[in-house]
Amino acid sequence: MTGWKKLNDMTYLGKSYTRVDGPDKVTGRAKYTYDLKFPGMLYGRILRSPHPHAKIISIDASRVVNMPGVKAVLTDIKDEVFFVGDDVAAVAAETEEIANEALLRFKVEYQVLPFTVREEQAMLDDAPKVFSNRDNNIGSTQDRTEGDVEKGFQEADVVVEQTYHINVQVHNPLEVHGCIVKWQDDELYMWDSTQAVHGERSAMARHFKIPENKVHVISHHMGGGFGSKLGMKSFHIICANLAKKAAVPVKLMLDREEQFLAVGNRPSSIQKIKIGAKKDGTLTAFQLDSFGTAGIGGGAGVPQPYIYQFPNYKVNHKDVFINAGAGAPMRAPGHPQANFAMESIMDELAEKLGMDPLELRIKNDPNKTRQQEYLIGAKQFGWDKRLKSGSQKGKIVKGMGLGSGRWSGGGNRETKANVNIYPDGAVDVKIGTQDIGTGARTIVAAVVAEELELDLKDVLPLIGKSDYPWAPASGGSTTTPSISPTVKLAAEKAKNSLIVRVADEWKVTPDQVIYSKKTFTSKDGAQSLSWQEACELLRAPISEMEKWNEGLSDSGTAGCQFVEVEVDKETGHVKVTRMIGVHDCGLVVNMLTTKNQIQGGMIGEIGYVTMENRLLDADTGIMPNADMENYKIPGALEMPDFNITMFDESERGVIGVGEPPAIPGVGAIANAIANAIGAHFYETPITPDKVLMAIQGKEGKS
Amino acid sequence: MKEFQYIYPKNSQSVPLILGEYNGKALLYAGGTDALARMKEGINRPEQVVNLKAVEELNYIKEDSDGLNIGATTPLVDIVNSKVAQTYGGLSRAVETVATIQLRNMGTLGGNLCQRPRCWYFRSRHFHCIRKGGDVCFAVSGNNKYHAILGGSSCYIVYPSDVAPMLITLQASVEILGPKGSRMVPLEDFYILPKVDPTRENILQPDEIVTRVFVPKSAKQVKSIYLKFRERDSFDFAMVSVAVSAKVSGNKLSDLKIAMGGVAPVPWRAKKAKMVLNGNTVSDELLKKAGEAELENAEPLEQNEYKITLTKNLLKRAVGELLAL
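Residues numbered from 1 in each chain as written. Chains lettered and ligands numbered in written order. Predicted model: local features only at pLDDT ≥ 70, side-chain atom pairs only at ≥ 80, totals over all residues. Heavy atoms only, no water.

## What to know about the overall build of chain A
Broken down by element type, chain A carries 17 helices and 26 strands. Its C-alpha atoms give chain A a radius of gyration of 28 Å, within 12% of the compact-globule value 27 Å for 702 residues. Counting only C-alpha atoms, chain A reaches 90 × 70 × 45 Å along its principal axes. Buried residues in chain A amount to 61% of all 702 residues. Contacts in chain A between residues far apart in sequence, at least 24 positions, make up 79% of those at least 6 positions apart. When the accessible surface of chain A is split by element, carbon and sulfur atoms take 50% of a total near 26500 Å². Each charge class in chain A was averaged separately, 79 positive and 90 negative side chains, and the resulting centres sit 1 Å apart. (Helix = DSSP H or I, 4+ residues; strand = E, 2+ residues; numbered from the N terminus. Rg over C-alpha atoms; globule rule 2.2 N^0.38 Å. Buried < 20%, exposed > 50% of the residue type's maximum accessible area, 1.4 Å probe, protein only. Contact = heavy atoms within 4.5 Å. Areas by Shrake-Rupley, 256 points an atom, 1.4 Å probe, with all protein chains shown as cover. Lys, Arg positive; Asp, Glu negative; His and termini not counted. Charge placed at Lys NZ, Arg CZ, Asp CG, Glu CD.)

## Some details on the pairing of strand 3 (residues 48-51) of chain B
Put simply, side chains in a regular strand alternate between the two faces of the sheet. Residue and element names in this part refer to chain B. Alternating residues of strand 3 divide into Gln48 and Val50 and Val49 and Asn51, and every residue in both groups is buried. Examined bridge by bridge, strand 1 (residues 5-7) and strand 3 share three bridges and lie parallel to one another. Its bridge partner being in strand 3, Gln5 is matched across the sheet by Gln48. Sheet analysis places strand 2 (residues 27-29) next to strand 3, joined by three bridges and oriented parallel. Looking at strand 3, one finds that Leu27 is bridged to Val49. Handedness of the crossover joining strand 2 and strand 3 through helix 2 (residues 35-41) is recorded here as right-handed. (Pairing = 2+ DSSP bridges. Right-handed = clockwise from strand over helix to strand, strands pointing away.)

## Points about the interface of chain B and chain A
Of the residues lining the interface, 31 residues belong to chain B; the matching set on chain A comes to 36 residues. Buried surface at the junction of chain B and chain A, summed over both partners, amounts to about 3000 Å²; 51% is from carbon and sulfur atoms. Sorting the residues of chain B by area buried against chain A places Trp120, Arg232 and Arg317 of chain B first, and these three jointly supply 22% of that buried surface. In this assembly, chain B and chain A are joined by nine salt bridges. (Buried area = accessible area lost by both parts, 1.4 Å probe. Salt bridge = Lys/Arg side-chain N within 4 Å of Asp/Glu carboxyl O.)

## Digging into helix 12 (residues 440-452) of chain A
Taking 1.5 Å per residue, 13 residues should reach 18 Å; helix 12 of chain A reaches 18 Å between its end C-alpha atoms and fits that length. Within helix 12 of chain A, 13 of the 13 residues are buried, which leaves the element mostly enclosed by the surrounding structure. (Expected span 1.5 Å × (residues − 1).)

## Considerations on empty space enclosed by the protein
A probe matching the size of a water molecule, rolled over the atoms, marks out where space remains unfilled. Going through the model one piece at a time under the given rule, you end up with six cavities of 30 Å³ or more. Residues belonging to the lining of the largest cavity are distributed by class as follows: 10 nonpolar, three polar and five charged. Roughly 160 Å³ of internal volume is contained in the second largest cavity. Forming the boundary of the second largest cavity are 16 residues, of which His573, Val574, Thr610 and Met611 of chain A together with Glu231 of chain B lie nearest the centre. Mapped onto the lining of the second largest cavity, the elements with two or more residues apiece are strand 25 (573-583) and helix 15 (591-610) of chain A. Examining the composition of the lining of the second largest cavity, we find that four residues originate from one element, strand 25 of chain A, more than from any other. Of the residues contributing to the lining of the second largest cavity, the split by class is seven nonpolar, four polar and five charged. (1 Å grid on protein atoms, 1.4 Å probe; cavity = no way out; pocket = protein on both sides within 12 Å on 5 of 7 lines; lining within 4 Å. Points joined across faces, edges and corners; volume = space filled by probe spheres on them. Nonpolar A, V, L, I, M, F, W, Y, C, P; charged D, E, K, R; others polar.)

## Topic: the nonpolar core
Membership of the largest hydrophobic core comes to 98 residues, with the highest contact counts inside it found for Leu91, Leu113, Leu167, Val215 and Ile258 of chain B. Here this core gets eight residues from one element, more than from any other, and that element is helix 11 (residues 306-323) of chain B. Other than its neighbours up to four places away in sequence, Leu91 of chain B contacts Leu68, Ile70, Ile79, Ala85, Val163, Met166, Leu167, Leu170 and Val215 of chain B. Counting residues in each nonpolar core, the second largest holds 76 residues, with Val160, Trp407, Cys560 and Phe562 of chain A among its members. (Core = buried A, V, L, I, M, F, W, Y, C linked by side-chain atoms within 4.5 Å.)

## Observations regarding the environment of Lys314 of chain A
Residues and elements named next belong to chain A. Mapped onto the secondary structure, Lys314 falls in strand 15 (residues 312-320). Sequence-wise, Lys314 and Arg144 are 170 residues apart; in three dimensions their C-alpha atoms are separated by 5.8 Å. Those residues in contact with Lys314 that sit more than four places away from it in its chain are Arg144, Thr145, Val149, Phe286, Gln287 and Leu288.

## Describing the sheet that holds strand 9 (residues 178-184) of chain A
Residue and element names in this part refer to chain A. Pairing is mixed across the open sheet formed by seven strands, whose spatial order is 3-5-1-12-9-10-11. A single partner strand is all that each edge strand has here, and the edge strands are strand 3 (70-74) and strand 11 (215-218). Ignoring which end each strand starts from, the neighbouring axes of this sheet average 20° apart. Sheet topology note: the strand 9/strand 12 (residues 250-253) ladder contains four bridges and is antiparallel. By the bridge assignment for strand 12, Gly178 is matched with Met253. Sheet strands touched by helix 3 (residues 96-103): strand 1 (42-48), strand 3 and strand 5 (87-93). Its angle to strand 1, the strand with the most contacts, is close to 25°. (Axes fitted to C-alpha atoms, helices over the stretch in contact; angles between N-to-C directions.)

## Focus: the sheet that holds strand 17 (residues 416-421) of chain A
Residues and elements named next belong to chain A. Spatially, the four strands line up as an open sheet ordered 19-18-17-23, and their pairing is mixed. Only two strands of the sheet have a single neighbouring strand rather than two, namely strand 19 (459-462) and strand 23 (542-547). On average, each strand axis in the sheet is inclined to that of its neighbour by 20°, with strand direction left out of account. Bridge analysis of strand 17 against strand 18 (residues 427-430) gives four bridges, and the strand direction is antiparallel. When the bridges of strand 18 are listed, Asn418 appears paired with Lys430. Sheet strands touched by helix 12: strand 17, strand 18 and strand 19. Its angle to strand 19, the strand with the most contacts, is close to 140°.

## Notes on the pattern of salt bridges
One pass over the structure, following the stated rule, counts 61 salt bridges over all chains. With its nearest N and O atoms 3.9 Å apart, the salt bridge here joins Lys55 of chain A to Glu80 of chain A. With a gap of 25 residues between them, Lys55 of chain A in strand 2 (residues 54-60) and Glu80 of chain A in strand 4 (residues 80-81) connect regions that are remote in the sequence. For Lys55 of chain A, a relative accessible area of 33% corresponds to the partly exposed category. By relative accessible area, which is 11% here, Glu80 of chain A ends up buried. One salt bridge in this structure joins Glu208 of chain B and Arg183 of chain B, with 2.9 Å as the shortest N-O distance. Taken together, the residues Glu208 of chain B in the loop between strand 7 (181-186) and strand 8 (209-216) and Arg183 of chain B in strand 7 connect sequence positions 25 residues apart.

## Here's the deal with the packing of helix 9 (residues 335-353) of chain A against helix 10 (residues 357-364) of chain A
All names here are of chain A. Relative to each other, helix 9 and helix 10 sit at 110°, their axes nearing to 9 Å. In terms of orientation, helix 9 and helix 10 fall into the roughly perpendicular class. On helix 10, the residues touching Glu343, Met346, Asp347, Leu349, Ala350 and Leu353 of helix 9 are Pro357, Leu360 and Arg361. In terms of residue class, the contact of helix 9 with helix 10 is made up of six nonpolar, no polar and three charged. (Parallel < 35°, antiparallel > 145°, perpendicular 65-115°, else oblique.)

## Overview of helix 13 (residues 479-506) of chain A
Residue and element names in this part refer to chain A. Its 28 residues place the ends of helix 13 40 Å apart at the C-alpha level, agreeing with the 40 Å of an ideal helix rising 1.5 Å per residue. In terms of burial, helix 13 is largely enclosed, as 21 of its 28 residues are buried. Remark: Lys507 follows helix 13 within two positions and exhibits a positive phi of approximately 55°.

Spatial relationships are all this shows, so hold off on functional conclusions.
Here you go:
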């Protein structure tokens, strides 16, 4: 095994190159699960609960089964529903229209039960219980302590105490969730918009009690997931059951409303924070009491104290159940919530200390990489031009803010890949990863091309099938650090096999064969073969399998972002005008897609902080804004100028960068708004109504 | 979506007869940008859909000696691009603020004026609200950030059209065609408040349609402007919008007309603000007074108090921009 070549010696890695499937995607040739059709295929739909909590007494499907075109009906899914949008029954029909009409014909008798959709209320002793078999609505709890927090606050010259409310965000991938299931004899084929072909294979095999090698999950192209497509969900099982019952393939794609209700969200977080520092800005203590809800799921904890070093801290957290769809991992789970609260209170602390917010961070950030990134970003951004908060006159005021993030992003040691070289010179690479839109297919080809010194177009990347060698789910920023080293090693092994074949032909030892730029030459210079000629020596394809190994990747990234906003004080409108990101991810495999991905993270931050808000109607438990009109995400006019710098740590090898860019800007945007108008925000999203009321409140006071 | 009969009317006269034949239950479909969404959501489950696009005679922009005539099925984009329409004050610019280019390509002027409200309780099949024949307005104790601060009673929708406020200040009228012929109605009198009838937004009878919008030539003699505030610039209905038209001499406004969107169940004529401003020299002080007079009786719900400030500020800004035209 050899390491990566030097950055300057590489053709693709560290450089920018366009996606191998870009033309297919923009011309519509790329087929997503949504686009696929099979002969005789039926369309599945799920009847969903209109109640936030109820027992299903009976389901009368007599008017459904008799409907022309209806081929399969499921009524035995569950007997209790826990949120509006929970599964009740399902149908498969010849057309989507028939399936949709069929849903209206089910007669369901519910015993409606008390419910709760507000975290604060759900925590009370007399709150309606989400799960009847539990004593209360408190799920898992966390308590972490370091040092002596009381002593820490005694040492502090300045103490700030605030409570932050961070609302629920929903993933909203461009392609909604869905799959097609086809049973062939006793084997299950599933075309799925998934982030985990192998994970789904295992889960489906376990659920249906069939051998794993009789389950085949395929995801050629998929339109994003952000963590909401990491595992098997109930609709997969429903679809497979419908397909089994109907004995033909069934396609079950969720609609946008179902996406909002039933397949995941980023949990809320309510954080009561107390923070202490000495006059010189040295942090002394941090205390957090937090709770949050992932609906009927768990995982609302936050990694506090985030980023900055506190010698003393005390953290306690409670997950709270409410009658809403379960949360799911979403791009850097917990980190944006932690970032919002931490960066917000750090800015308030800086204000009280009379210190520059950047200076306060530099003083308390133990990470050496980020220390350098702060300086690069501040200089590019013009941080020295930041004005005192609320000091500007006029209708439009500007503000600046900054924030930091961290992530792990290491590789998975179980990853395997298979590289094949054919007698006609063709090359392919098979690996059971999937491209969730970040360019995985492209980098798989590029790493092989780099290793074999071929052109990108010479390598066929075969991904998105569970029948290919195992690769992890596309989550946790682990994909690139898992697949890049593995594919490189498999390609290196295949290249060595070809060198051995050439050496045989020349009757020399392999170390006498030099391969460079599609040409094999003997060390003595007497013999030479082109790539094509060398491959023609093969009687059968070379097929080499390799496993991930250490030394080509690493874990742990830093990153910071600087944000400038303009606030219209008469309307409360916030325009993010500039975002500067300084990030690191070791050896950048594709500079273009890396920067794309970072920019995407920043856009997500703009949505999270200024627009996105999963509402639940207190009286009915219904989400009133389960659509793309009322659940707002940024559009083209919300785009700021982006400037992204990759801090070079290529010697560390490949590290994932999926989650890191979705974190720092969250607090940075909030702080930029606060800097512009001179009032802090304690609740997300920071929408015009809140900005306007904050300005009014401030002017009312002064 | 339920299966339906798709009806191609021969001409505009036949449409009221078709509507009458099906007791007003047939759904009018022109651009479809509103109707299709309601059908998909299940708010409307018509047995018959009348294809108004087939009535080609309703697609025109024509100027005569009295003013501008625009057929009801004229796509919004044509009004934006029409050289003639562009001479009628802020009309074209107001139309340009509607939705997105894709929706303006499909949506029609008549459809824009007759669109149903965007209230999320009205739009959701889960809520049988008063506007759909139920008993309550769910916004009153629910999520009401985007709802009315003026003119609400049994229902708190806001009227969503960007074009209507502008047209009202330009003194436009609409031609209404029924089975017995047509009549002209000032657009100002076209819309009705929930206290009159919470189940409909305008005076149209079940067998009537809007066939034409008429903007008098007087629109060319005044200055006019439409200011729309969106929560999201890329694509949004108005949080609050203000249309103003007036004769301007120096800092003095006369013949002032103000209509506001996003604040009430109808395009809201700001008559109190007009009383303060009309005929007087505009100053910051006077603008403040005008805003306070208009919003004096505003009744914000739990989450929309901000609209009072926003409306006052936009009114001030709109008049300021009008003076600067």
